[in-house]
Amino acid sequence: ATKAAVAASDTVLSAIGKLQAQVSSKFDKSGGDISGNAYFRAGVQEAVVVANTGTAYTINPALGTIFDLTLTANCVYTFPAPPAGKQFTLLQRQDGAGSRASTWPSSVRWDDGGTAPTPTGTPGRTDAFTFLADGAFWIGFKGPKNYNRS
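Residues numbered from 1 in each chain as written. Predicted model: local features only at pLDDT ≥ 70, side-chain atom pairs only at ≥ 80, totals over all residues. Heavy atoms only, no water.

Scanning the chain for helices and strands turns up 1 helix and 10 strands. When its helices and strands are written in sequence order, the chain yields α-β-β-β-β-β-β-β-β-β-β. Split into buried and exposed, the 150 residues of the chain put 31% on the buried side. Counting contacts in the chain only where the partners sit at least 6 residues apart, residues at least 24 apart contribute 44% of the total. Carbon and sulfur atoms make up 55% of the accessible area of the chain, which totals about 9,000 Å². (Helix = DSSP H or I, 4+ residues; strand = E, 2+ residues; numbered from the N terminus. Buried < 20%, exposed > 50% of the residue type's maximum accessible area, 1.4 Å probe, protein only. Contact = heavy atoms within 4.5 Å. Areas by Shrake-Rupley, 256 points an atom, 1.4 Å probe, with all protein chains shown as cover.)

Take a look at the structure:
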């Protein structure tokens, strides 16, 4: 199949072959990455993981890129090794008791020079964080704090 444009006179099989060639030319055969521009005109739907933390919670970016977690106890987070370019967002909500603490992995570097945030203690309120991996560390960015999602 060639990279020629599909013409009205093409048979169905010929048109399919041309379309496959056009799509295949955009992918790196070794990993399936898009090598051209990708346009998402209808937006992007990210996978959301909803869970309670308990005393420990392991972030697994293979499950999703948004983690909507409710602190049900003081929680120690574990993050995977930081592969460059990976990112995820954590929405951390206090349960009905509130005043739950978070302990962050040593691989996190915070956006304000290293100070880990103190979570909102108000029952039912949420803090948002985004983490971006640079290949060596997870860079933590503090987003909206103490907001009401009910």
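All right, on to the sheet that holds strand β6 (residues 102-103) then. In a beta sheet, neighbouring strands pair by backbone hydrogen bonds and run either parallel or antiparallel. On the basis of which strands lie adjacent, the open sheet formed by 3 strands has the order β2-β4-β6 and parallel pairing. Either end of the sheet is taken by a strand with one partner, and the two such strands are β2 (56-58) and β6. Pairing of β2 with strand β4 (residues 75-78) involves 3 bridges; the strand directions are parallel. Each residue of the ladder has a partner; that of Y57, found in β4, is Y77. (Pairing = 2+ DSSP bridges.)

For the coordinates displayed, the defined rule picks out 4 salt bridges. Note that R149 is salt-bridged to D68, the shortest N-O span being 2.8 Å. Within this pair, whereas R149 is found in the segment after β10 (147-148), its partner D68 is found in strand β3 (residues 66-71), the two being separated by 81 residues in sequence. Residue classification places R149 among the partly exposed positions, given a relative accessible area of 28%. One salt bridge in this structure joins D111 and K142, with 3.9 Å as the shortest N-O distance. (Salt bridge = Lys/Arg side-chain N within 4 Å of Asp/Glu carboxyl O.)

Below, the discussion takes up unusual backbone geometry. Its identity as a non-glycine residue notwithstanding, S99 has a phi of 60°, on the positive side. Residue placement: S99 occurs in the loop between β5 (87-94) and β6. Positive phi, close to 60°, is recorded for N146, a residue that is not glycine. With respect to the helices and strands, N146 occurs in the loop between β9 (138-142) and β10. Owing to a relative accessible area of 33%, N146 belongs among the partly exposed residues under this scheme.

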